Amino acid sequence: LSLRFPQKLWKMLESSKFQSIWWSEGGKCVAINKDLFESEVLGREGQQVFHTQKMKSFMRQLNAYGFTKMNRNFQRSASLPEFLAEEAAASAHSQILYYYNPSFNREHPWLSETCKRR
């Protein structure tokens, strides 16, 4: 069964298998450790999650489904796991990317069904 891009993304965020992507801002944003994501997700041999190995293509998919890149001038995450993940990524000098979509919110999973490709 082939899942749509938003469904795959949701499953990744809810899974404990991936350290490179997590919910941020209390479940309102998707945070991605770019360097780790490229090796952990896009660089997988034989078990590709998305049909690409390029970060640029993955970011294009996010944009196609209505995600917008956020600047990191908003407050630090309130939850301890989020805060620790962001601190660890920052200390490793990795680039953390934040994406927001009003229809993609951890508290309202049913909204993800409204994420349509533009």
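Residues numbered from 1 in each chain as written. Predicted model: local features only at pLDDT ≥ 70, side-chain atom pairs only at ≥ 80, totals over all residues. Heavy atoms only, no water.

- An unreviewed UniProt entry annotates the protein chain as HSFY1 protein of Malurus elegans.
- The UniProt entry for the protein chain carries this comment under Subcellular location (unreviewed entry): "Nucleus".
- Recorded under Sequence similarities (unreviewed entry), the UniProt text for the protein chain is reproduced unchanged: "Belongs to the HSF family." (UniProt positions renumbered as here; feature names shortened; annotations may be inferred.)

Notes on the confidence of the model for the protein chain
(1) Moving on: Chain-level statistics for the protein chain give a pLDDT mean of 84 and a share of 82% at 70 or above.
(2) Moving on: Mean pLDDT values over the elements of the protein chain span from 68, in helix 4 (residues 80-91), up to 95, in helix 3 (residues 55-64). (pLDDT = per-residue confidence, 0-100. Helix = DSSP H or I, 4+ residues; strand = E, 2+ residues; numbered from the N terminus.)

Quick notes on the packing of aromatic side chains
(1) Moving on: A complete count under the given rule lists nine aromatic pairs for this structure.
(2) Moving on: Ring geometry for W10 versus W23: centroids 4.9 Å apart, planes at 75°, classification edge-to-face. Pair noted here: W10 is in helix 1 (residues 5-14) and W23 is in strand 1 (residues 21-24), with a separation of 13 residues, a long-range link. Per residue, the accessibility class of W10 equals that of W23, and both read buried.
(3) Moving on: Relative to F104, the ring of F67 has its centre 5.1 Å away and its plane inclined at 65°; by these criteria the two rings are edge-to-face. Taken as a pair, F67 in the loop between helix 3 and strand 3 (68-70) and F104 in the segment after strand 4 (96-100) lie far apart in primary sequence, 37 residues in all. (Phe/Tyr/Trp six-rings, centres within 6.5 Å; stacked < 30°, edge-to-face > 60°. Buried < 20%, exposed > 50% of the residue type's maximum accessible area, 1.4 Å probe, protein only.)

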